Every structure is written in C-alpha cells, then in structure tokens.
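Letter by letter, the chains look like this.
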Amino acid sequence: MRVLFFTTSGSYHGGGVMCLIEMLEYIRKTDCEPYVIIPTHGSVEPLLNEMKIPYGVIRTYDWLVDTRVRDTSGFKKKRAIRQLINKLAEKRFYQFMKKNKIEAFHLNSAFNPTGVKSAKKLNIPVIWHLREFAENGEPTPVFDNADTAFRTMASADVLVAVSDCIKAYYQSKMPGANIVTIYDGIKIDDLLPTSNMKSLFKGDTVRLTSVGGIAPIKGFEDAISAVARCRDKFGLNCTLTIVGRMRNEAYLNKLHELADDLGIADRIAFYGECNEMSKIWKQTDIVLVCSKSESFGRVAVEAMANGLPVIGANNTGTSEILPVECQYQKDENDALVNKICEVYRCFESGKEAEKLKVRQSDAKRSYNIERSARELLTVIRECFKASFFTQTAENVGI
C-alpha cells in the first residue's frame, strides 16, 4: 500500500513533524510504502534520505495563520499570489500521486489542505491529522476562511485527533465528521536510565525547566514569576531554563524585562532550540508546563518517560496527560508555586521517587511511538479497504 504523507514543514522541529518522522521509522518496516511531500527544503530531508523514503518538495502556503499576520496589509497584498502558488501546487500534488500510484493520502496538520482536491479526483482516501486548536480565540491561529476550512476537513475519510480535547473541539465544529483519537508517542529507546532519578534535588537549588517555542501561548511568564515567588514565599532557591526556538521576539523581550523587574535575571537561562534533550533532562529537577493551551503535551510525556517530576496547568491536552496530583489551577494565585514546593518536600521525604517510577512506566506504555504508528496504520488500511470496495462496487454496477 503506497501512502503519501504531507507535512507542512521541511524543518525537524515542533511536535507534529517530530512525531511523523518517528512514526515513519516504524511504518517503513511494514507493508506500507511511504512517500513524503514537504513544502520547503530543510532538516527533514537528510532524515528521509537516511530512511530511504522517496519525497518531493512542493512549495505551498498555509491557510491557517496568526491573527496578527492575517490582518496586516502586507499579508493581504500577497494573498492572491499565495493562492496562485497553491493552485499550481495542487496540480503538482495530482501529478505526484498519479505518477507514484498513491493509494492513501495523509495530511499531518490542519495548517494546510493542499492535496485534498487531488486525492478526491483520484478516489484516494484522505486521512487528516488534527494537531492544533484553530479559531478558538487568542492566541490560537485562524483560517483565511473558516467555513471553507471546516467543510474541507469534514470531507476527509477520517480525521485523527491527537487528544480527546482536540476531538471534542473539532467535533463541535464539524458534527458529522468521522474523528478518532490517536495519542502521539515518543521513542522510548532514547530515554534516561532509571538511575538518573538519584541525581534529582541533590544541590541547594531546585532546577526548573520549561520547554516550547518562545510564544505567549506557552505561558513562560508564569514560570518566571514562580521562581521569584518560591524565593519570597518559601525561601526556596530555584533556577529556570527555558528551551525552545524563537517564534516571537517581542514576547522574548517581555520575558527578559519581567526577569529584570523581579530581580531574578541571573536565575533565568534561555537555552534556545535543542536537538539533544537528554542533556537538558539530566540537569532538571522539575519540568513546568505552563501553556495556556496544549493540543497534546509531548513535553509532559517526554519528561514523565524520563523519570522527571512534571507540573502542568490543568487545561486542554495537559490535563489528559498528567495525573491530577501533578496539575495546578491555571488562574489560582500561587498554585504553581505551592505545587513546586510540594514536589520538593515530597522528594525530600522519599515519597515522590516511587510515584515517578510508576508514571515513567505508564508513559512508556501509553505513549510509545510504535503504538501510535500501529494505530494510524490501522486507520489508513481501513480507509483503503473501504475505498477499494466502494470503487469495486461502482465498477460492477452494484
């Protein structure tokens, strides 16, 4: 079965792209023959070459954008050009599918619909991953035309949500759509050994880490404020390392200003993008997930699977991933600070270590990338069979 996977980024960063590439490592070893299309040249290419997966580069533009970008005059002026490029791209998708005899089409994100029209013309089943909230208020991105977007997505044979909260949200927008939940996974062979737990909380400073693209939705200001409040309220010395690629420079400047105003600039480190997270995890005592919204929660899963304490805001995907005792009330004063101190004291008393082992085991079992790949393949095969029987019936006049 030849399956075309379309990812909306040519760069190997972001949970969606990382998850797809890791699934392809498993999928290529099955009876599925994967092909990939990326919109730009980038760091995904050497990974595809290493796996010997054929791919094409077809330039397209997303229909899902930041509200601030969509409303600028520059974006409006270029809209016609972008639409023309996307029309040309659709023709190239059609040619690619026909030439390679593609039998199923998978889109890895709601950001870009290119290829759907071509798949429909060729009677190829469409499987569409939903990995992000859209049209859900600030700071979520918006469609250029929401009605058209939801109608197009609903036409897919199956929509795959990465969490139940994503499924519920899109089901409310597309009541008749066929949506299933398949949680993302991680590679469990790259994790820290259990013995790393012995190095937790060994110094006189609690080492906090928060990971994600530098953008307001990640709530890093809450993590920075918590460092100051831990000092002022409990006399607890903390440092914070923020790891992630630059997405919003104005927001980064605000974070620096906040740290300066609170007098803790020397305790906050901005690491930037990191492709070897094991180095970061080895220098972490507690992982903070302060996001205002998470469609899934890859950082929380990685941290738990590495045997690290995790504290996350009790909203959206994070609340599905983390046990209740690891969550804090997002808008409750000092809730995060109290939880940090609670975890520290529990670890001092020896109560936390066994819980970490249980969470680590659960994360490895529930969020294994091979499990995600198997479940996705099952969905793709079912769509292919249904499409095959439908076409066969039509051909014989049933």
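Residues numbered from 1 in each chain as written. Predicted model: local features only at pLDDT ≥ 70, side-chain atom pairs only at ≥ 80, totals over all residues. Heavy atoms only, no water.

A. Spotlight on the overall build of the protein. A count of helical and extended segments in the protein gives 15 helices and 15 strands. Scaling as 2.2 N^0.38, a compact globule of 398 residues should have a C-alpha radius of gyration of about 21 Å, and the protein matches this with 22 Å. Structurally, the protein occupies a C-alpha span of about 75 × 50 × 40 Å along its principal axes. Residues counted as buried form 50% of the 398 residues belonging to the protein. Intrachain contacts of the protein at a sequence separation of at least 6 include 69% that bridge at least 24 residues. For the protein, the computed accessible surface area is about 18,300 Å², with 49% contributed by carbon and sulfur atoms. Of the side-chain charges in the protein, 54 are positive and 49 negative, and the distance between the mean point of each set is 5 Å. (Helix = DSSP H or I, 4+ residues; strand = E, 2+ residues; numbered from the N terminus. Rg over C-alpha atoms; globule rule 2.2 N^0.38 Å. Buried < 20%, exposed > 50% of the residue type's maximum accessible area, 1.4 Å probe, protein only. Contact = heavy atoms within 4.5 Å. Areas by Shrake-Rupley, 256 points an atom, 1.4 Å probe, with all protein chains shown as cover. Lys, Arg positive; Asp, Glu negative; His and termini not counted. Charge placed at Lys NZ, Arg CZ, Asp CG, Glu CD.)

B. Examining the environment of glycine 317 more closely. Here glycine 317 shows up in helix 12 (residues 316-321). Under the relative-accessibility criterion, glycine 317 is labelled buried at 0%. Spatially, the C-alpha atoms of glycine 317 and glutamate 294 are 5.0 Å apart, while their sequence positions differ by 23 residues. With sequence-adjacent residues up to four places away left out, glycine 317 is seen in contact with Cys165, Glu294, Ser295 and Phe296.

C. Focus on the pattern of salt bridges. Counting across every chain of the model gives 20 salt bridges. Across the pair arginine 2 and glutamate 33 runs a salt bridge, and its minimum N-O distance is 3.9 Å. With arginine 2 in strand 1 (residues 2-6) and glutamate 33 in strand 2 (residues 33-38), the pair connects residues that are 31 residues apart, well separated along the chain. Exposure remark for glutamate 33: the relative accessible area of 38% places this residue in the partly exposed category. Between glutamate 25 and lysine 187 there is a salt bridge, and its shortest N-O distance comes to 3.5 Å. With glutamate 25 in helix 1 (residues 15-27) and lysine 187 in the loop between strand 9 (179-181) and strand 10 (206-211), the pair connects residues that are 162 residues apart, well separated along the chain. A residue is classified by how much of its surface remains accessible, and glutamate 25, at 29% relative accessible area, is partly exposed. (Salt bridge = Lys/Arg side-chain N within 4 Å of Asp/Glu carboxyl O.)

D. Highlighting helix 1. Along its 13 residues, helix 1 runs 18 Å from first to last C-alpha, staying within 8% of the 18 Å computed at 1.5 Å per residue. Buried residues of helix 1: Gly16, Val17, Cys19, Leu20, Ile21, Glu22, Met23, Leu24 and Ile27, and no others. (Expected span 1.5 Å × (residues − 1).)

E. Summary view of the packing of helix 11 (residues 298-305) against helix 14 (residues 352-366). At a closest axis distance of 7 Å, the pairing of helix 11 and helix 14 adopts a crossing angle of 125°. Viewed along their axes, helix 11 and helix 14 adopt a mutual orientation that is oblique. Where helix 11 crosses over helix 14, the handedness of that crossing is left-handed. Of helix 14, the residues touching helix 11 (which contributes Val301, Met304 and Ala305) are Arg359, Gln360, Ala363 and Lys364. (Axes fitted to C-alpha atoms, helices over the stretch in contact; angles between N-to-C directions. Parallel < 35°, antiparallel > 145°, perpendicular 65-115°, else oblique. Left-handed = near helix turned anticlockwise from the far one by under 90°.)

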